[in-house]
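# Overview (structure and organization)
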Amino acid sequence: MQGLLKAATRLRTEFAQVPLEVENLVDAGGEGEVYRVSMQGNQYALKWYYPETAHRERLSALKYLIQRGAPSERFVWPLDLVVSSESFGYVMPWRDKRFVSIADLLKRRVSSSFQTLTTAGYELAHNFYQLHAAGLCYRDVSLGNLSFDPSTGEISISDNDNVGVNNESIAFVGGTPGFMAPEVVRGDAQPSTDTDLFSLAVLLFYLLAQDHPLNGEHEARIHAFDLPAMKRLYGYEPVFIFDPNNNTNRPVVGIHDNAIAFWPVYPQSLRDLFTRSFTDGLFNPRRRVIENEWRDELLHDRDTIFNCPQCQATSFYDIEKMRTSTPHTCWHCHQVLGVPPRLRVGKRVVVLTPRTHLYLHHLDPSRAYDFGRPVVAIVQHPRQTAVLGLKNLSQDTWVITKADGSTQEVPPDRSATITDGLRVHFGKVSGEIRA
Amino acid sequence: MKSGMAIQNKSHWVVWGTAVRGLVHAQRGLPCQDAILWVEADGESRRVILAIADGHGSERSPFSERGAQIAVAVATRTLAQFHREAVVSDPRNLVQVKRTAESHLPAVLVAEWRKGVQNDFARVHPESQLREGYDLWRQYGTTLLAVLATDRFILSLQIGDGDIVLAAEDEQTDRAVPRDSRLMGVETTSISSDRAIADFRIGFNVVIGLRPVLVMASTDGYFNSFVEEAGFLQAAQDYLRRLREHGAAYLQSHLAVWLEETSRRGSGDDITVGLIWRANTVDYASETSETEATAHAGTLEGSDSPADRVRSSTT
């Protein structure tokens, strides 16, 4: 159906004065409509506000965001304003079709590996860090505003027109029910970076456990549409479904099956962060998990994925299980799993499988979160496939120290056989293998 | 034939619809397993609510006719509560209304429907040990399509096949809820499934000017009677034209006959069509009488009279 703007309507951007042509309406929401437009031969999206939502404060906020620029390329950020006599809107990049919403994941329209999900989780935390470090807050986290590439985990953050300066600018939205921090639900606080942290934790829980962290028995008892009951659930009496000290709101079989299935699969360290987020962090914003903690945990989790030799399902190496001598078992076929070789570099542990790659992030303390080019690959012996080696993809020569104390150089493009007790000096850091 | 009385919502939306038994169902001696229910404005409110459902009718779902009736009752009641609690208090905040609907309504509809099914089964089969769970729910399996129309927006919810179409003043039509690519075969998503909450699809369309002026909700027996999608979408415009040319009473008196003929020539399935249209764009007032009723459910009457002349322009 035609929207407020007719196809072939010609408009011009305010700042760059570039002409654009409306192609078609692609979506409509509560604030306005989104069109596909062509501008200088390229496709962009144009969000066009309904006249009643196109007010001066909104225009002023958009100008600020456009002039300020995106905190990272993952934000589908306003690029330029478009103004007419009836309303206004903004041009933003056209999002690639490979991105799907987290809602599609929950509806099982797409499937993703743990590798992808932990990557998407890391990217979410990393980009929220970029946003918050710039003094901005998102204020509008919802399943529909975050998309990811189900094959790589790359994320895309849309609907950025509600981003504002933390604790300063007007919030045009209160947030989405279920994602709002309890103090916002109660009306005690405005959306801020503190409340963003709560929303981020909910989103990560949705991404990884594919259920809501507060939806358990309490939610199941709410039948009719009952806003006061929902405010109790998310604002006044929230209880984490896996709260170790409060079992009144456990997930219900038949309703919250995803949470029941996924929760035990994840390492204890990740579950601990969720537990803190949704116990202490419910009422004390200072106890909420910050972006850095999520980043480090999710990267650690991604580094510890390995496959069941029997059914190929992926599991996480859990150091807590090693500490307590609890065997790893496959969540899918329930076979007891032997743990693959691991490389410990500083505080990091990386499980070594034929698909493992290490990056400067792992081997250069000054290049944290640099995943640009792999510097270590795991290779299989050409004849004895059970024998794995560390292949040097970097420009540096490594020095390895074997268990018997002998040393050897590993120049670029050469490999070192993975054995228990092998120490590798990568140049800036050293690591040790347990096999 | 299932039908109800038209309700005139004084200044804006009028709602009407009917459900007819398909030829195949009649030949097999099966009842119409569709259900339709609507609710008019309650005093000061100017919203209307429409719900239709298509019971699966398979061997696995022997009580799907009841499942469909429970579904439309739950949907109209829930949307009325939603309007009262989430819309009336802050009608201008459409973003919040949309998000509250998306966040909560599927879970509430599924939970309420299950409760209704449990009560129904316990009443009819007090001796049975079966009290809840998928073994029970799938016996009542049904689709559900529900629409809440207000001055500001059209909220549409759907699980399973069927269609909700919006028609604008300028004769453009569009789907209120995008088609689900998984529903192209015989199988449909269902309110009885374990994934029902996730499988709900929601459309939210802000009312701007004369867009839309008519909403058409129909069970899949209607869509399946058309050769092409374009012809199906055109049907919504045809209803609009008829309302303008002949008035609401004409549509109300002929709709069931048209649908029976459509089923006979087309899918052979039960067909239910519910229509909501803008009172101020269609000159019907002289032909419809106001009613004090607040809700109408269809009752089985039975009719086989064809309406050849009309069907050719609605298909």
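Residues numbered from 1 in each chain as written. Chains lettered and ligands numbered in written order. Predicted model: local features only at pLDDT ≥ 70, side-chain atom pairs only at ≥ 80, totals over all residues. Heavy atoms only, no water.

Time to look at the overall build of chain A. Per the secondary structure count, chain A includes 13 helices and 25 strands. Principal-axis analysis of the C-alpha atoms places the extent of chain A at approximately 80 × 55 × 35 Å. Excluding contacts between residues fewer than 6 apart, the proportion of contacts in chain A whose partners are at least 24 apart in sequence is 55%. Of the roughly 19000 Å² of accessible surface on chain A, a fraction of 48% belongs to carbon and sulfur atoms. (Helix = DSSP H or I, 4+ residues; strand = E, 2+ residues; numbered from the N terminus. Contact = heavy atoms within 4.5 Å. Areas by Shrake-Rupley, 256 points an atom, 1.4 Å probe, with all protein chains shown as cover.)

Moving on: the interface of chain A and chain B. In this complex, chain A contributes 35 residues to the contact, which on the side of chain B involves 42 residues. Buried area between chain A and chain B, both sides added, is near 3100 Å², and the carbon and sulfur share of it is 53%. Counting the contacts that link chain A with chain B gives three salt bridges. Between Asp 140 of chain A and Arg 99 of chain B there is a salt bridge whose closest N-O contact spans 2.0 Å. Here chain A is connected to chain B by eleven residue pairs in polar contact (both at pLDDT 80 or more). Here the side of chain A that touches chain B takes four residues from helix H7 (residues 227-236) of chain A, the largest share from any one element. Looking at side-chain class alone, the side of chain A that touches chain B contains 15 nonpolar, ten polar and ten charged residues. (Buried area = accessible area lost by both parts, 1.4 Å probe. Salt bridge = Lys/Arg side-chain N within 4 Å of Asp/Glu carboxyl O. Polar contact = N/O pair within 3.5 Å; in protein donor to acceptor, adjacent residues only side chain to side chain. Nonpolar A, V, L, I, M, F, W, Y, C, P; charged D, E, K, R; others polar.)

Below, the discussion takes up the side chain of Gln 237 of chain B. With respect to the helices, strands and loops of the structure, Gln 237 of chain B is situated in helix H7 (residues 229-246). Once residues within four sequence positions are removed from consideration, Gln 237 of chain B is found in contact with Ala 167, Ala 168, Glu 171, Gln 172 and Thr 173 of chain B.

Turning to the nonpolar core, a few remarks are in order. Residues Phe 205, Phe 274 and Trp 294 of chain A together with Phe 82, Leu 144 and Leu 155 of chain B are the most contacted members of the largest nonpolar core, which totals 111 residues. When near neighbours in sequence (up to four residues on either side) are disregarded, Phe 274 of chain A contacts Ala 201, Leu 204, Phe 205, Leu 208, Phe 240, Trp 263 and Trp 294 of chain A. Grouped together as the second largest cluster of nonpolar side chains are 51 residues, Val 15, Val 165, Val 213 and Leu 240 of chain B included. (Core = buried A, V, L, I, M, F, W, Y, C linked by side-chain atoms within 4.5 Å. Buried < 20%, exposed > 50% of the residue type's maximum accessible area, 1.4 Å probe, protein only.)

What follows concerns the environment of Arg 47 of chain B. The residue Arg 47 of chain B is located in the loop between strand S4 (34-39) and strand S5 (48-54) in this model. The spatial distance from the C-alpha of Arg 47 of chain B to the C-alpha of Leu 148 of chain B is 6.9 Å, given a sequence separation of 101 residues.

It is worth spelling out helix H3 (residues 94-124) of chain B at this point. With 31 residues, H3 of chain B extends 42 Å between its outermost C-alpha atoms, agreeing within 8% with the 45 Å of an ideal straight helix rising 1.5 Å per residue. For H3 of chain B, a buried count of 22 out of 31 residues is recorded, marking the element as mostly surrounded by other parts of the structure. (Expected span 1.5 Å × (residues − 1).)

Residue and element names in this part refer to chain B. As for its placement among the helices and strands, Ile 36 is situated in strand S4. Judged by relative accessible area, Ile 36 falls into the buried class, the value being 3%. When the C-alpha atoms of Ile 36 and Thr 100 are compared, they prove to be 25 Å apart, with 64 residues separating the residues in sequence.

On to the confidence of the model for chain B, then. Residues and elements named next belong to chain B. Per-residue pLDDT for chain B has a mean of 82; in total, 81% of the residues score no lower than 70. Element-level mean pLDDT values for chain B span from 27 in strand S14 (residues 299-300) up to 97 in strand S6 (residues 144-149). Low pLDDT, under 50, characterises residues 1-5; the predicted model gives this stretch 31 contacts beyond four residues in sequence or across chains. For the stretch residues 284-315, pLDDT sits under 50, and the model shows 82 contacts to residues farther than four places along the chain or on other chains. (pLDDT = per-residue confidence, 0-100.)

Here the focus is the pattern of salt bridges. All names here are of chain A. For the structure on display, the rule yields 42 salt bridges over all chains. We note a salt bridge from Arg 98 to Glu 154, for which the minimum N-O separation is 3.1 Å. Pair noted here: Arg 98 is in the loop between strand S6 (88-93) and strand S7 (100-101) and Glu 154 is in the loop between strand S9 (146-148) and strand S10 (155-157), with a separation of 56 residues, a long-range link. What makes Glu 154 partly exposed here is its relative accessible area of 22%. Note that Asp 280 is salt-bridged to Arg 287, the shortest N-O span being 3.1 Å. The exposure class of Arg 287 is partly exposed, given its relative accessible area of 34%.

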